[in-house]
Amino acid sequence: MAARPMPYLDDLNPAQREAVETLEGPVLMLAGAGTGKTKALTTRMVHLLNTGTARPNEILAVTFTNKAAREMKNRVGRMMGEAVEGMPWLGTFHSICVKLLRRHAELVELKSNFTILDADDQLRLLKQLVAAANIDDKRWPARQLAGIIDQWKNRAWTPENVPASEASAYDGKGVVLYAQYQTRLIELNAVDFGDLLLHMVTIFQTHDDVLAQYRRWFRYILVDEYQDTNVAQYLWLRLLAGGHKNICCVGDDDQSIYGWRGAEVGNILRFEKDFPGAHVVRLEQNYRSTPHILAAASGVIAENKDRLGKELWTEARGGKKVGLMGLWDGEEEARWVGEQIEDAQAGLGRFKYRENPRSITIEQEAERLAKGGVVSKNVEGDIHQVNLQRAEALSPTGKDNLPLPKTYNLDEIAILVRASHQMRAFEDRFLTIGLPYRVIGGPRFYERMEIRDAMAYFRLVVSPADDLAFERIVNTPKRGLGDKAQQKIQMTARQNGVSLLEGAAILLDEKGIGGKGATELAKLIDGLRRWGRLVGDQKLSHIELAEMVLDESGYTEMWQNDKTPEAPGRLENLKELVSSLEKFENLQGFLEHVSLVMENDAGQDGEKISIMTLHAAKGLEFPVVFLPGWEDGLFPSQRSMDESGQKGLEEERRLAYVGITRAEEICTISYASDRIIYGRRQPQYKSRFIDELPEEHIDDLTPPGIFGGGYGAVGMGDPFGSNIEDRAAEANVYNSPGWKRLQARAAERPLSQPKESRNMVIDAQAISAHTMGERVFHQKFGYGAIIGIEGDKLEIDFEKAGVKHVVARFVSGADD
Ligand code: ATP
Ligand code: MG
C-alpha cells in the first residue's frame, strides 16, 4: 500500500506525534487524564495502516471495555476515510483470549467448544467441592474461596505455583481445593473468566512454537488503560511482545481504580525495566477540561501519597468553577439535578453563557469552521458542523459580537455515581418529569432482576390474581416447584377458572402435589394471604409490610446466602427499593407509579442523559458532568474507610479524580444531609474529598440553612453561585438586545416537560404568588422590589444589596 497523505498528524501535539510516529520498539505514554493518550493510540493505529506498516490483522489492540473497542474501531475508520476491513484483534483482554483459547484448547486438555462459566456456576461448583471436603461452609464460605482463586488467577498462579506463603489460605485447604476445582473444570470442558488469561499464559509459556507464531502475527501491540492491567494480563502482553518489542502502552497511575480486582499499577513502573530503551512519552497538556475543573481534580489527587506526580495544564481559559451543592436528602438531590439539566437544555442558570467570551463574530467563526480550522478545541469530523449549527441557531443574524450562550443536549450530560443503588432516585425523577436517560453498563433500576422479583411479590400482595407475578416468584427462591408442578398449578387454575394462586390452593387441597414442594407452596400461599390482609393496616406501614414480605418469603435470605460477587449489590438495590416507598402513601400508589413511569418511557429514541458508575466512566468525556452523593460512607465507600491504612482510600480518591476529569465544561458535585436507607432516614456527612477541593476553584451553590450555610464565602446564600464580577458581566449581557432575543428563544424552546411539574408545590406558589413591582423580603438581602420574574427565579432590586437574582422560595411578601 502506498503511503497516503497524513492529515491526522496535524491534529496532534509534538509529544503525541512522537508517540505515533515511533512505530518500532517499546513506547510508554504515561500521562494524566484528558491529555490525548487514547487519541494518540488510535492515531497510531491509523498511522500503522496508512503507511502500510501493518495490515489490520497484524495489530493487537487491547481496550478496557467492549464499548471502547467499538469506538476505537469507528474512529480509525473515520480517520482513514473508509471502513476499515476487520480489526479482528481489537478488543478486551477477555474477548481476545476467548478467540485464542478456542484455537488452542487442546493444549490445556479442553475442547474448542468449551463453555465459559459465570460467577453463579463457578460458585455452585466450588460449593460442591467444599461440601465434599467436609468443610463447614458457614465458617469458610465457598464465596471466600472463589475470591481467593480469582486473585490467584489474576496473579497468573496455577495450583502448582501458588507460593508457599499462601499455604494457609482458606483454612489451609485453599491450594488443594483450587487444584480440584481446575480438574473439575477440565472434566466439564469449562473455564471461568480468570482461566481465559491463565490458560493462554500457560500455553505461551509451555509451547514455544505457539508463542512464536503469535509473535509473528501480532507485529504491533497497543494497550489502553495500562494502569489497570493485572499480573496475568501483564505477563500475557510481555510474552507476546517479547520478540519484536513493538508494544505501545498508555496509562495514568492516578486513574488506577481496579486494585480491588487485582490490577497492579506497578506494571507501569516496570515497563522500562522489562523493555530497556523504551521510549517514554509524557503528555501534560489537557485538551478536555476547563482550568477550574482541572485544578479541582488536581487538588484532590494531590492528597494521595502514593503517586508519581504529574502536572497538567490547559490552554483553555474561562469556564465555570466546579459547582458544589448541599441538599436535604437524596430525593431533593435528584430533583435538583433534574432542574439543572433542564436549565442546561435551555441555556439558563449556570449554563447561561459561555464564560469564555470569544471576540469573533459568527461569520468569523463560520469562516474558520469552513476552512476546517480549529474552533474551541480540536474536534473530529462532524462536531464542527454541530458547532456551526449551534452558532447559527443562537444568532441567526450573525451580527452580534456576544459571548455565545450555550445550550447542551442530553447526550452531552452524564451523571456518575459511586454505587449503582444511587441510580434509583435519578431514574425515578427523570421518568417522572420525562427526561430520557440511559444506564450504561447495566440494566435500569426497575429492570433489574431483583427489583422485578420484589415488585412481583408486592403485586401479588396487592392483587392476588396477578398471574404473571405469581409465575415469576412461585419458585423464586427455590421451593422445589419445578416445571411439572407449575404445569399442574396452571391446569388446576384453568379447570376451575380461577387465578394461579387460587389454583395452587386447590391443587394442595386435592393433594395433587407432594413432598417439599407441597410444604413450601403452602407456606407461600399462607404468606400471601396474611400479607394481603395487612395491606392498609393502621398499625403497620407499607414500608414495614414490604420488608416483611421480602423477609418472610425468603427472598432477602436467598440473596444473603448467595455468595456471588453481585449479591451484595442486589441486596443494596432491594434496600433502595424499600427506601423509595417512603414517598408513597401505600403499596398500590407505588406500584402504579412504577407502571406509569415505565410505560412513559417505552420506545424513546434519541438523545439521552447517561447514568453510570464512576468505574464505567473511565476513558469517557462529557461536556456536563454531575457527581452526586459525595458523602462519607458512600464516597469514599464505607469499606475503604474501615480498612486500616490508606490504600483503599487512595483508590477512592483516584476514582474522584477520574470522575471530575470526565467533565469538559461544567462539573457539579453534590451531597445530601441525609439519605433514606432501608426506609429509615440517616444523617450523612459530606465527603472528606469535598474538603480537599481547592476553594478558589469551587462555587458553593448551597442555599443558606443547609449545613449552617455555604461552604466558602463565594456565592454563599446565592443558589446561582455567581459572584459580583459574574453578576456585573451578566448584567451587561442582560441588557443587550441579543441576550433578550436568546432568552425569548430559550423560553420558546420546548422543554421535555412542562415547568409546572417542577418543584411542584413550592414553585406553583412562587409563580402565582408574586407580581412585578411587589415589595418583598429576602432572608439575606433584605427588602426589595421585584423587577423580573422567570419561572421560580426572581430578579429583585434590593434596597441595600442592589439587583440580584434569587429563587422565589427564599422570598416572602414584605408584609407576611
Ligand atoms: P483519559 O485519561 O481520561 O482516558 P486520554 O488521555 O485518553 O484521557 P483522550 O480521550 O484521548 O485523552 O483525549 C481527550 C480529549 O482531548 C478528546 O476530546 C480529544 O479529542 C482531545 N485531544 C486530544 N489530543 C488533542 C490535540 N492534540 N489537540 C486537540 N484536541 C486533542
Ligand atoms: Mg483514554
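- Naming follows an unreviewed UniProt entry, where the chain appears as DNA 3'-5' helicase of Roseovarius phycicola.
- Quoted verbatim from the Sequence similarities (unreviewed entry) field of UniProt, the annotation for the chain is "Belongs to the helicase family. UvrD subfamily."

### Here's the deal with the overall build of the chain
No. 1: A count of helices and strands for the chain gives 31 helices and 21 strands.
No. 2: Across the 816 residues that make up the chain, the buried fraction comes to 42%.
No. 3: Within the chain, contacts between residues separated by at least 24 positions form 73% of all contacts whose residues are at least 6 apart in sequence.

### Quick word on helix H24 (residues 567-580)
No. 1: An ideal rise of 1.5 Å per residue puts 20 Å on 14 residues; H24 measures up with 20 Å between its terminal C-alpha atoms.
No. 2: Where H24 is concerned, the buried positions are Arg570, Asn573, Leu574, Glu576, Leu577, Val578, Ser579 and Ser580.

### Focus on the sheet that holds strand S2 (residues 59-62)
No. 1: One open sheet accounts for six strands, arranged S3-S2-S6-S7-S1-S8; its pairing is parallel. Each edge of the sheet is formed by a strand with only one pairing partner; in this case those strands are strand S3 (90-91) and strand S8 (279-283).
No. 2: For S2 and S3, the ladder comprises two bridges, and the chain directions are parallel. Residue pairing across strands places Ala61 opposite Leu90, the latter belonging to S3.

### A few points about unusual backbone geometry
No. 1: With an omega dihedral of 0°, the bond running from Thr476 to Pro477 counts as a cis peptide bond.
No. 2: Residue placement: Pro477 occurs in the loop between helix H18 (467-473) and helix H19 (483-496).
No. 3: The residue after Phe635, namely Pro636, is reached through a cis peptide bond having omega 5°.
No. 4: Its location among the elements puts Pro636 in the loop between strand S13 (622-627) and helix H26 (638-642).
No. 5: Phi is positive for Asn134, which is not a glycine, with a value near 60°.
No. 6: Following the sequence through the fold, Asn134 ends up in the loop between helix H5 (119-132) and helix H6 (142-154).
No. 7: In this structure Asn134 comes out as exposed when scored by C-beta crowding, with 6 C-beta atoms within 10 Å.
No. 8: With phi around 50°, Glu225 is a residue other than glycine that occupies positive phi space.
No. 9: In this fold, Glu225 is placed in the loop between strand S6 (220-223) and helix H10 (231-241).

### Looking at the environment of Leu107
No. 1: Looking at the element boundaries, Leu107 is found in the loop between helix H4 (93-104) and strand S4 (115-116).
No. 2: Given 16 C-beta atoms within 10 Å, Leu107 falls into the partly exposed group.
No. 3: The spatial distance from the C-alpha of Leu107 to the C-alpha of His207 is 8.7 Å, given a sequence separation of 100 residues.
No. 4: Setting aside residues up to four positions removed in sequence, Leu107 forms contacts with Ile203 and His207.

### Topic: the nonpolar core
No. 1: Within the largest apolar cluster, 168 residues are counted, with the highest numbers of intra-cluster contacts made by Met29, Tyr457 and Ile660.
No. 2: Here this core takes eight residues from helix H17 (residues 449-462), the largest share from any one element.
No. 3: What Ile660 contacts, discounting residues up to four positions off in sequence, is Ile293, Ala296, Ala297, Val300, Leu627 and Cys667.
No. 4: Core analysis: the next-biggest nonpolar cluster, separate from the first, contains 14 residues, Leu125, Leu126, Leu145 and Tyr178 among them.

### Examining the packing of H6 against helix H7 (residues 174-187)
No. 1: Remark: H6 packs on H7, axes separated minimally by 11 Å, with the N-to-C direction vectors making an angle of 80°. One way to sum up the angle between H6 and H7 is to call them roughly perpendicular. Across the interface between the two elements, Leu145, Ile148, Ile149 and Trp152 from H6 touch Gly174, Leu177, Tyr178 and Tyr181 from H7.
No. 2: When the residues that make up the contact of H6 with H7 are grouped by side-chain class, the tally is seven nonpolar, one polar and no charged.

What counts, and at which threshold
- Residues numbered from 1 in each chain as written.
- Chains lettered and ligands numbered in written order.
- Predicted model: local features only at pLDDT ≥ 70, side-chain atom pairs only at ≥ 80, totals over all residues.
- UniProt positions renumbered as here; feature names shortened; annotations may be inferred.
- Helix = DSSP H or I, 4+ residues; strand = E, 2+ residues; numbered from the N terminus.
- Buried ≥ 20, exposed ≤ 12 C-beta atoms within 10 Å, placed from the backbone.
- Contact = placed C-beta atoms within 7 Å.
- Expected span 1.5 Å × (residues − 1).
- Pairing = 2+ DSSP bridges.
- Core = buried A, V, L, I, M, F, W, Y, C linked by C-beta atoms within 7 Å.
- Axes fitted to C-alpha atoms, helices over the stretch in contact; angles between N-to-C directions.
- Parallel < 35°, antiparallel > 145°, perpendicular 65-115°, else oblique.
- Nonpolar A, V, L, I, M, F, W, Y, C, P; charged D, E, K, R; others polar.

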